[in-house]
Every structure is written in structure tokens, then in C-alpha cells.
Amino acid sequence: MKVLVTGGAGYIGSHTVVELLQAGHEAVVLDDLSNAQADVINRIETITGRRPAFYENDCKDADALRRVFREHEIDAVIHFAAYKAVGESVREPLKYYRNNLDSAITLLEVMEEVGCRKLVFSSSATVYGPENEAPYREDMPALQTSNPYGWTKVMIERILKDYVTAHPDFCAILLRYFNPIGAHESGLLGDDPNGIPNNLMPYIGRVAAGQLEKLTIFGDDYPTPDGTCQRDYLHVVDLAVGHLRALEYAADHEGAEAINLGTGHGVSVLELVNAFQKVNELTLPYVIGPRRDGDLPAFWADPTKAKEVLGWEATHTLEDMCRSSWLYAKNCARK
Ligand code: WQD
């Protein structure tokens, strides 16, 4: 298949492009580089020996999207392109609603013009909100979240379901990610956000590399075994492979399907910090600070549907995630 990957120079997008190319598919990347570097395309070529076509464009630009579909016979689209910083979305909601919703709607409009009917969408476990009890299942109500970033995921899932109702021959797979961490084994791709990382693992990597002084653990008084929040951390390469399985499923199915991509296990912040120190044989300076607004104590996936429908399950261990994260963080620090 020839697959358009919007946001394909980003953290999850670039790992997915590598898996696509190595599985024999063709990939076309469209990315505005607002949260990614053009050099990622070179690194994808270094890893795979194949260079994806690359368009430095914005997904809100319908003419740019039309050009891609004119120049390539696109069989399916994986849509990653979106802003994704939770805290920033609270401070700048209009920027998030405009960008994330406009991108998704413009993409769907152009896909309809050209007759492309297969879409894999980058959704998030955040759509389950605070009301549901872990393990999260896809048949639970996924209509609540605590920040504009999360609301854009809820709204785009709604848009896709309504679009499929109006176009029953369209297939949309809504992949609900839990907490992707880790990096490609080459050390060439990883999570390297602009500025100070909001997420736990990239922050840990900067502390371990000496670029940040210490980690602050946001609260150790939660109702969990060690008092710190539990999350379902999954290796980004497992997540990338999940996208291939979703594409293969979409190729001969129609309709809209939400599917969790997670390990099914909750891991606490302290467990992750200790695993990172142990597997990388280093000491990570950290302090316990106050809780972060909006954090839920604990959630993880019920991964049954992904196994049954996609034949997918996570295979990498927490140690793999910690080892590969540190390998990438060290490389980043050297730049
Ligand atoms: C994990 C745990 C923090 C940083 C969010 C989005 C989700 C997805 C992933 C985009 C929490 C704790 C963190 C730190 C800490 N985003 N933490 N110190 O909040 O589960 O999920 O990011 O795709 O949609 O909701 O991930 O990595 O920010 O936090 O103690 O410096 O680590 O309190 O318990 P989160 P996270």
C-alpha cells in the first residue's frame, strides 16, 4: 500500500513510517515541522534504506493535500498531525481547536474529493475521562476529558463516526493510545519535544543527560500502591506496529472502530523511575512535589479488542522502553 502519513516526522509518526517501509509499503510524509525536525526524514532513510516522499506542509492547507493526492496514488491515510501538549492546550484553546479540528476536517474533505476511503486516526486514552474505571474498554463512554487537547480527540472521534454514518463505504480506525514511551533501537528516532518536556519519560531523559537538574514527581499521595500515579506505558515501536495492523484491517473493512493500544498493565511513576535507574545503571535525582492539576490516579487499557480484531499485542518490556529512551536521550544530549 502507499500510505500518506500526516505528522510523519513526529515521534510516533516517524516510528510508524519506519515500520511501514520495513513491511514493504510506500510512505508519503506531510508535516509542517512545528514539532519535528526535517532531519528525521534522513534518519528514516538511514534506518530503512528507503526515503519517503516528504511535503513540508500544513494539514489545514487543502491545496497542499490535493497536490499530494495528485502526485501519489494514496491507498490509505494515517493522521497524526495535531498539537498535543495538554498544558499548552489549556492556555491556548483556540490554537488547539483551530489546528486539530481544521486539520482533520480538511483531510476528510480532500479524501472525499479524491475517493480515498481508509483512515487510521491517532486518538488517545484521554477520551475515557475521569468517570471510567480501569481497565478501559472501547464500549465504555468516551465522551469526557479535562483539557482542550483531549476534547479535540473526543470531537474528531465524533466527526469520524458521523462521517462513516454518511459514507458507509469509508473505514476509520480510531486508535486510542495509552502512554507511548521508548525509542527506535538505532537511537536515531525518539521523543524529543520542543522546549521543556511535559511528559514523564522525555523529562527523565533530559535529567539523566544532565540537561535538567532533577525530576519532580507530581504527588505521592494518590490511592495507589506506592502513592504515585499509574499509567499504561507502551513501547513506541509496539504502537507503530499497531498502526500497520490497523491499516491491514481497514483494507478490507468498512465502518468506524475505536481500538485501545496499550499493554493492559499499570506502572507507577516510581516504578518507572526505578526501572530506568536499574536498567541504565544510573542514579536519577528526583523530588516529590505537589500533584499536577488534571492528573488521574490510575488508568490502563483492556487490550482484548486489539488482540481479537487486529491480532496485535504489545511485546516490548518496561526495561526495553527505559533502555531505548536513554539511548536516544544520550544521542540528543550530544547535539
Ligand atoms: C505521566 C505521569 C504525571 C511529568 C498525557 C496526555 C496523553 C498523551 C500522553 C499526548 C503522570 C507524572 C509527569 C513530570 C511527573 N499525550 N509526571 N513528573 O499525563 O498520563 O498523558 O501525555 O499524546 O494524551 O494526557 O502523561 O507523561 O505527562 O504523565 O511526575 O515531570 O507522570 O503526574 O502521573 P499523561 P505524562
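Since the model is a prediction, treat every value here as computed from it, not as a measurement. (Residues numbered from 1 in each chain as written. Predicted model: local features only at pLDDT ≥ 70, side-chain atom pairs only at ≥ 80, totals over all residues. Heavy atoms only, no water.)

Topic: the overall build of the chain
Stage number 1. In terms of regular secondary structure, the chain is built from 11 helices and 13 strands.
Stage number 2. For the chain, the C-alpha radius of gyration of 19 Å lies close to 20 Å, the compact-globule estimate for 335 residues.
Stage number 3. The principal-axis extent of the C-alpha atoms belonging to the chain is close to 55 × 45 × 40 Å.
Stage number 4. Burial analysis of the chain (335 residues in total) assigns 54% to the buried set. (Helix = DSSP H or I, 4+ residues; strand = E, 2+ residues; numbered from the N terminus. Rg over C-alpha atoms; globule rule 2.2 N^0.38 Å. Buried < 20%, exposed > 50% of the residue type's maximum accessible area, 1.4 Å probe, protein only.)

Quick word on the site of the ligand
Stage number 1. The immediate surroundings of the ligand are formed by 18 residues, with Leu200, Thr216, Phe218, Arg231 and Asp295 found nearest.
Stage number 2. At a separation of 2.9 Å, an oxygen atom of the ligand approaches a polar side-chain atom of Ser124.
Stage number 3. The backbone of Leu200 places a nitrogen or oxygen atom 2.8 Å from an oxygen atom of the ligand.
Stage number 4. Protein chains bury 90% of the 700 Å² of accessible surface belonging to the ligand in isolation.
Stage number 5. Here the shell around the ligand is composed, by residue class, of 9 nonpolar, 5 polar and 4 charged. (Near = heavy atom within 4 Å. Polar contact = N/O pair within 3.5 Å; in protein donor to acceptor, adjacent residues only side chain to side chain. Areas by Shrake-Rupley, 256 points an atom, 1.4 Å probe, with all protein chains shown as cover. Nonpolar A, V, L, I, M, F, W, Y, C, P; charged D, E, K, R; others polar.)

Looking at the packing of aromatic side chains
Stage number 1. Considering all chains together, one arrives at 7 aromatic pairs under this definition.
Stage number 2. Aromatic pair Phe178 and Phe299: ring centres 6.3 Å apart, planes at 55°, arrangement tilted. With Phe178 in the loop between β6 (171-177) and β7 (179-181) and Phe299 in the loop between β13 (286-289) and α10 (304-310), this residue pair connects regions lying 121 residues apart in the sequence.
Stage number 3. Judged by relative accessible area, Phe178 falls into the buried class, the value being 5%.
Stage number 4. The class for Phe299 is buried, based on a relative accessible area of 11%.
Stage number 5. Where Phe276 meets Trp326, the ring centres are 6.2 Å apart and the plane angle is 70°; that geometry is what we call edge-to-face. Of the two residues, Phe276 sits in helix α9 (residues 269-280) while Trp326 sits in helix α11 (residues 318-334), which places them 50 residues apart along the sequence.
Stage number 6. Judged by relative accessible area, which is 0%, Phe276 ranks as buried.
Stage number 7. Through a chain of ring-to-ring contacts, the aromatic side chains of Tyr128, Tyr136, Phe178 and Phe299 assemble into a single cluster.
Stage number 8. Over the ring of Tyr128 we find Arg176; its NZ or CZ atom is 5.0 Å from the centre of that ring.
Stage number 9. Positioned above the aromatic ring of Tyr222, the side-chain terminus of Arg291 is 4.0 Å from the ring centre. (Phe/Tyr/Trp six-rings, centres within 6.5 Å; stacked < 30°, edge-to-face > 60°. Lys NZ or Arg CZ within 6 Å of the ring centre and 35° of its normal.)

Notes on the pairing of strand β2 (residues 26-30)
Stage number 1. Within β2, 4 of the 5 residues are buried, which leaves it mostly tucked inside the rest of the structure.
Stage number 2. One ladder, built from 5 bridges, connects strand β1 (residues 2-6) with β2; its direction is parallel. Directly across from Thr6, in β2, lies its bridge partner Leu30.
Stage number 3. Regarding the hand of the β-α-β motif, the stretch spanning β1, helix α1 (residues 11-22) and β2 is right-handed.
Stage number 4. Strand direction decides the pairing type here: β2 and strand β3 (residues 53-55), joined by 3 bridges, are parallel. Looking at the pairing, Val29 lines up with Phe54 of β3.
Stage number 5. The parallel pair β2 and β3, bridged by helix α2 (residues 39-48), forms a crossover whose chirality is right-handed. (Pairing = 2+ DSSP bridges. Right-handed = clockwise from strand over helix to strand, strands pointing away.)

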